[in-house]
Every structure is written in structure tokens, then in C-alpha cells.
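# Structure at a glance
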Amino acid sequence: MAIAIDNKSAAIVAKYRTLFDVKEKQLNGQKNHPLQTIRRQAMDRLEDIGFPARKDEDYKYTYVTKIVKESFAEGKGATIGKNVAEAAGFPELDAYQLVFVNGVLNAELSDTKHLMAGLTISDMKTAYENADTQALVEKALTNELGLNAFVALNTAFAHSGVFIHVAKGTIVDKPIHISNITVSGGAAIMTHPQIVGIAEESSEVSVVETYYAVNDGTYFTNSLSRFVVGKNAHVHHYKLQNESQSAFQINNAIATQERDSTYSSYVLDLGGKTVRNNLSSHLQSSGTNTNLYGVYLAKGNQHIDNQSFIDHAHPHCESNELYKGIIDDKGRGVFNGKVNVRQDAQKTNAFQQNSSLVLSNTAIMDTKPQLEIFADDVKCSHGATIGQMDETSIYYLRTRGMSLEQARSMLQFAFVAEVLENFQIEAVKEKALAMMADKLG
Amino acid sequence: MLKIKDLKVSVEDKEILRGINLDIKPGEIHAIMGPNGSGKSTLSHVLAGKDDYEVDSGSIEFCGEDLLDMEIDERAIAGIFLAFQYPVEIPGVSNANFLKSMVNSVRKARGEEEMNAMEMLKYLKAKTKLVELDQALLKRSLNEGFSGGEKKRNEMLQMAVLEPKLGILDETDSGLDIDALRIVANAVNQLRTKDRSFLIVTHYQRLLDYIVPDFVHVLYNGQIVKTGDKNLALELEKRGYDWIKEEVDGVSA
């Protein structure tokens, strides 16, 4: 398929190509490493695809070109104290821990020394050089499923990356927490956090990504996580995002699901100036479950865009999607939930709900459920509501002695709590609630 | 305690209360009865401070303060409690958390010490017993999926924990079965003290079999047209409201 790329996009891509070439020159001996070949191919793919233009329907409400046209230097790491890592994470949660500061792994603050049997966590290079996992890495990083310009950009520029392998039948004993911390100062940086997670047959694992800013500053986080959920396996994938209010985040999460597998995504978006989530699940066989839960709070001039795509290609699969958010001030929210039910996907159960509270005259929410159903024996439902806070409820709470602010905050909390109830890890749920409380004031 | 003088209130330019005078002293129980549309609920909500009403003239003094000058929550903190005719369902707010934050925010505002978790647990347990409410309802979302009787008992529970100076029951008895009615009445009787007063707004006399009022007022067309003791309620039960209307309107049947 020939894709016409406008000149503006081509010029921006050329800027990244230059950056890529300069970086590659500095690699010396590593230049011909197969992983570098994969990166170079990704850079080539980015040139083919180009960055989305304003007229691109999928990016209608979120003008991403304004992000990538800025100049960002590559993150080179930074020094932080243990207390910062703790504030960014879950001190009370026993987890395998990986801490990245400005895109670079901080080994001292990380803890992956005593992995249980059946669990492997490494950087991408190590995983590639291991004969047992080489093919998995290669397949994941060259997979065209869910591919877009930002996935290609991530693949071309990712630093060390995180590779997670869960062997057949392994129930991972504690969550894997990947903490991404950004310290701003000097030139604006970009980071490309990358996760490849392989959950083999009948295994179960929870991966928690967090994004935390030490200070306010402009930077660009372009992350990619690819999960391959094996037969009868279950991957719980969390993202708690609290980037700086001037930061940009594009988050790409792509799951491929084998027979009888479950992929559950839990997303909380609080930070960022412009945030775009591209979440997709590609069902490879029947009997699968896909659960997508999301909460977003946009205040000030924040813009949070959630795009999801579930491709029901096989019969007897279930998907369940619940996104709720609050938009205040001049904030803007976007939800686009695509569910594709192909002709063969009989007995599909697909449920989707998006509800938003819009609290000011200048706040905007655009919601678009997009179900395309080609099978005839399915149960599919979708709902989208946009509303304001219920005045009667506020009055009721105030007659019980609560101030207007208390009443409003309690109702906003209650509105999104329904989604957080689905978070399976208590410490993560508690943290999410506390982060929300901070933001709601 | 509560002095209402010549209170005139309208909603969207329609006059609902047309000169109410009422004086409630500490420890008294007043019942306000009247046909539908007479302004009973309006009076309750004006006392609680609901925004939709326009007070055209008159004054309300509560414990020496100008009630009309106070915000909704300030009134609650000062000691006004309104039990709603239709308690609001709030999904996502657990009943227990709601009660806890309510008690502590009011205690704080009243200059009292906030309760710790243990004290709170004991306090809520005792109050829950008073209104014979199933403890399991504390864990549920506020009023969500509660039966009519459970909602009203939950209102009584909130009243019990907030310990108001004046409890206003806005048709709390409407639609209740006899067991729930008895529990509501029992809660009021137990909370009755020489300093705490009640204003019981009702359409039916039945509740007054269980809560003996000191005064019964008949509200009709936005005015108190008759005041008596508990026997007035019995007469209304026997004869209905038509004779009052006839007396006031001067029309014979």
C-alpha cells in the first residue's frame, strides 16, 4: 500500500533519521549487531509510514506532530536518591523492581537479583543473545500488528529495554514494577521505554509501569510494551502515569493473545500536557478474555487521548472495556474505542463503556465508540455518557456538614472509583487512589 | 431555638410559602401536617439551605444566629439536620466512609476533637444498633440499592451520629411499613433530649402514634392555618384535610 506522506511529516522524520545515523556511528563494533539491524529496519519503517497528519482520522483530536517536531535530546540518565525512587513507587509493595532514570537503568535502585524459577528479566540485548529467547525478541520487535509511527520510533530508539519471560505454568510470585522517572533540567529529552513480555502457557504475571516526574519540565516519553499472552496465560498490565504537567507521553501497548488467555490492562492517567495511549489487543484464537480499564483526569490545559482497538478474529472471545474520566478547566479528553468483530468471531461478548464528567464550560470531551460487527451471533454493547456533577448529590452531602469542595471531591472520587475497584493489586489500587486524591485536592 | 417570622419563599416566581410564623423551643417536638402541595417540603429545604428557593421576605433565627445568612454546610455544623424524603443514592461512596468523614468534618468544624479509627468504630456500632440497621449496609455504597425502609433508617443513622440540635424529618414516614415506621419513631424518641428539638413534616397521622408531638400545625397554601396539640392530628386523620380547606377558603362542600 502506498502511503502519501506530506512534506511536513517527511521533514520531521528526516530529523530523527539524522539523529539515528549519528547515534549508530558512535556504536563502532555494535553497529552490525542483529538488534541494531532491527532498530535500523524500524527507522526505515518510520520513513515509510511517516508521522500522522492532522487529517488522519485516528489523530483527529490529537495533533501529535506538534510533539515530534520539537527537538529532544536522548535521555542520558541522571542521579536520584533512594527517597525519590520510593516516592515514585510502592514502598509497601514487595516487587521485582527496575528503576529507569531519564531512560537509563539505575542498577543500584533496581532489584531483580533473586528471581523465582521460571522468571527471566533482562535487557533486550541479553535476551537476544540468548539462543532460547532470540526468536521471541526478534518476532516481538518486528511484529506488524499494532504498528504505527510511534511504535517504529520506539523500536528504533529504545535504550536497553526490558525483556520479561515467564515459563510455562509459572505463576510469578510478585509483581514486576518498572519505574520510569524523569528529572528535567537543561535540554528537553526524549525517552523510549520498551517492554517485551512473553507469558508462556498457563502462566500468570503482573507488570506495573509507573511514570513519575521529579520536577516540572518539558520532555517526551514514547513507550512501547508488547505482550504475548500464551495459551491459558494471564497478563495483568498496569500503567500509573503522573508525568510532568509540561511533558508529552505517547504510550503504545500491544497484546497478542493465544487461546484461552487473558490480558487485563489497568491505566491511570493524571500527568502530562499531551497524552496519547494506543492500546490494542489482537486475538489469535478462541476463548480469550480482554479487560481494559482506564481512568483519566485532565485539568489546566491537559489533553488525554485514549485509543483502544480489540480485534475479535475468533469465536467465543470476551472483551470488557470500562473507561471513566474527569475533565476540568481547559482540559480535553478523547476516547475512541474500536472493537472489530470479524465474520468468524461468533459468540463474541464485547462490552464497552466510557463515561466522563465535564466540569467547566471550557473543558471538552470527545468520545467515539466504534464497533464494527460482521458476525451475526454476538453480544455487543457500548455506552458513552458525558455529564456534569449531580447538584442534588452535592446538596445532600453538604446538608451532612461537608463543604462544597469536600462534596465535589467525594463525588469525583466516587465516579472513577468504580474503575479502580477492578485493580487487582491492593497496593497499586491504594497508590492510584492516593495519587487521585492529590490531584483532586 | 428556631424562630421563623413571616417567611415568604418562592420558586421561579411562584410563591410557595406565604408568611410562615413558627417558634420551636429546646426539647419540643413540632409536627407539620398538610395536604400535598401545601409547601411542607419547601419549608424543610429552606431550613436546610437548598439553593433553588428565593426567600422574598421574613427571617429565620436559629440559636440566636441568622440562619438565612449561613451556607448549607454551616447550618449542618450549627446543628440543623434534614432527613430527606428521597435520600440520594451515591454509587462509589461507601456508607461507612461517608459516615466517618461526615462525623469528623463536623466535629472538626464544631471545634471538637476528631475520632480515631477505634473510637469511630465503637461510635458507629452503637448508633447503628439504635436504628436497627444491618451492619452489612455500612459496607455498601451510600443508599445504592437500599430498600425504602433501609434508606430512611440510614437517614436516622446519619442524624444519630451528627447529634443535631434540630432534627427535621421530611415525610420520613411516607411509604414505610409498620416495622420500619416503629424503628424511625424509636430513633427519634431515643434521641429526644431536653435540648434537642424535632420538626416532623408528615402527610399522615400514623407516625404521631409513636412520636408524641407537643404541637401540631396545619400547613395549607403556604401558611400555617391551624395549630393544636396531638388531638388535632387525630382529627385530621378522621376527617381528612377537606374541612380545613373549606374553613380557609370559605367554600362549603
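Up top is the structure.
Quick look at the structure, then. Bear in mind that the values here come from a model prediction, so they are computed numbers and not experimental data.

Scoring rules and cut-offs
All residue numbers refer to position in the chain's written sequence, counted from 1. Chain A is the first chain written and ligand 1 is the first ligand written, with later ones labelled in order. For this predicted model, a pLDDT threshold of at least 70 governs which residues receive local features, and a threshold of 80 or more governs which side-chain atom pairs are given and counted, while totals over whole chains, interfaces and linings are taken from all residues. At least two bridges found by DSSP between two strands is the condition for calling them paired. Each helix is a run of DSSP H or I of at least 4 residues and each strand a run of E of at least 2, with the numbering of both proceeding from the N terminus. Two residues qualify as being in contact provided that their C-beta atoms, derived from the backbone, are within 7 Å of each other. Geometry is summarised by axes, namely lines fitted to C-alpha atoms with helices restricted to the contacting stretch, and by angles between N-to-C directions that run from 0 to 180 degrees. If an angle is under 35 degrees, it is roughly parallel; if it is over 145, roughly antiparallel; if it lies from 65 to 115, roughly perpendicular; otherwise it is oblique. Here a crossing is taken to be left-handed if its near helix is turned anticlockwise relative to the far helix by less than a right angle, and right-handed if that turn runs clockwise. Ten residues, namely Ala, Val, Leu, Ile, Met, Phe, Trp, Tyr, Cys and Pro, are considered nonpolar, four, namely Asp, Glu, Lys and Arg, are considered charged, and the remaining ones, Gly among them, are considered polar. Any residue surrounded by 20 or more other C-beta atoms within 10 Å of its C-beta is treated as buried, while 12 or fewer makes it exposed and the intermediate range makes it partly exposed; C-beta atoms here are placed from the backbone. One nonpolar core equals one set of buried Ala, Val, Leu, Ile, Met, Phe, Trp, Tyr and Cys residues connected by C-beta atoms within 7 Å.

Residue and element names in this part refer to chain B. Read across the sheet, 4 strands follow the order S2-S1-S4-S5 without closing on themselves; strand pairing throughout is antiparallel. Each edge of the open sheet is held by one strand with a lone partner, namely strand S2 (14-24) and strand S5 (65-66). As paired strands, strand S1 (residues 2-11) and strand S4 (residues 54-62) are joined by 7 bridges and run antiparallel to one another. When the sheet's bridge partners are listed, Ile4 is paired in S4 with Ile60. The strands touched by helix H1 (residues 40-48) within the sheet are S1, S2 and S4, with S2 carrying the most contacts at an inclination of about 70 degrees.

The next subject is the packing of helix H2 (residues 34-49) of chain A against helix H7 (residues 149-157) of chain A. All names here are of chain A. Closest axis-to-axis distance for the H2/H7 pair is 8 Å, and the angle between their directions is 150 degrees. With respect to H7, the element H2 is oriented roughly antiparallel. Note on packing geometry: the crossing formed by H2 with H7 is left-handed. Contact residues: H2 offers Ile38, Arg39, Ala42, Met43, Arg45, Leu46 and Ile49, while H7 offers Ala149, Ala152, Leu153, Thr155 and Ala156. Across the contact of H2 with H7, the residue classes tally to 9 nonpolar, 1 polar and 2 charged.

Looking down a regular strand, the side chains alternate between one sheet face and the other. All names here are of chain A. With respect to burial, strand S19 (residues 349-358) is a largely interior element, 7 of its 10 residues being buried. Alignment of strand S17 (residues 318-327) against S19, held across 10 bridges, turns out to be parallel. Residue Leu322 lies in a different strand from S19, and its bridge partner there is Gln353. Strand direction decides the pairing type here: S19 and strand S21 (residues 379-387), joined by 9 bridges, are parallel. When the sheet's bridge partners are listed, Ser356 is paired in S21 with Ile386.

The subject of this paragraph is the sheet that holds strand S6 (residues 80-83) of chain B. Residues and elements named next belong to chain B. Pairing in this open sheet of 6 strands is mixed, and the strands run S6-S9-S10-S3-S11-S12 from one edge to the other. Edge strands, defined here as strands with exactly one partner in the open sheet, are S6 and strand S12 (223-228). The sheet shows a mean angle of 20 degrees between the axes of neighbouring strands, direction not considered. Alignment of strand S3 (residues 29-33) against strand S10 (residues 197-202), held across 5 bridges, turns out to be parallel. Note that in S10 the partner of His30 across the bridge is Leu199. Strand contacts of H1: S3, S6, strand S9 (166-170), S10 and strand S11 (215-220), with the helix running at about 140 degrees to S6, the strand carrying the most contacts.

Residues and elements named next belong to chain B. Positive phi, close to 65 degrees, is recorded for Asn143, a residue that is not glycine. On the secondary structure map, Asn143 appears in the loop between strand S8 (141-142) and helix H6 (148-162). On the neighbour-count criterion, Asn143 (22 C-beta atoms within 10 Å) is buried. In this structure, Glu163 takes a positive phi of about 45 degrees despite not being glycine. Within the secondary structure layout, Glu163 lies in the loop between H6 and S9.

What follows deals with the interface of chain B and chain A. One widely used convention gives an interface's size as the accessible area the parts lose upon coming together. Between chain B and chain A, the contact holds 19 residues from the first and 16 residues from the second. Counting only elements with at least two residues in the side of chain B that touches chain A, the list comes to helix H2 (72-78), strand S7 (90-94), helix H3 (95-109) and H6 of chain B. A class-by-class count of the residues in the side of chain B that touches chain A yields 14 nonpolar, 3 polar and 2 charged.

Ranked by internal contacts, the top residues of the largest apolar core, which has 183 residues, are Leu46, Ile164, Ile176 and Ala199 of chain A together with Ile168, Val184 and Ile200 of chain B. Looking at this core element by element, the count peaks at 8 residues for helix H9 (residues 404-420) of chain A. Counting residues in each nonpolar core, the second largest holds 7 residues, with Leu283, Ile310, Val339 and Ala350 of chain A among its members.

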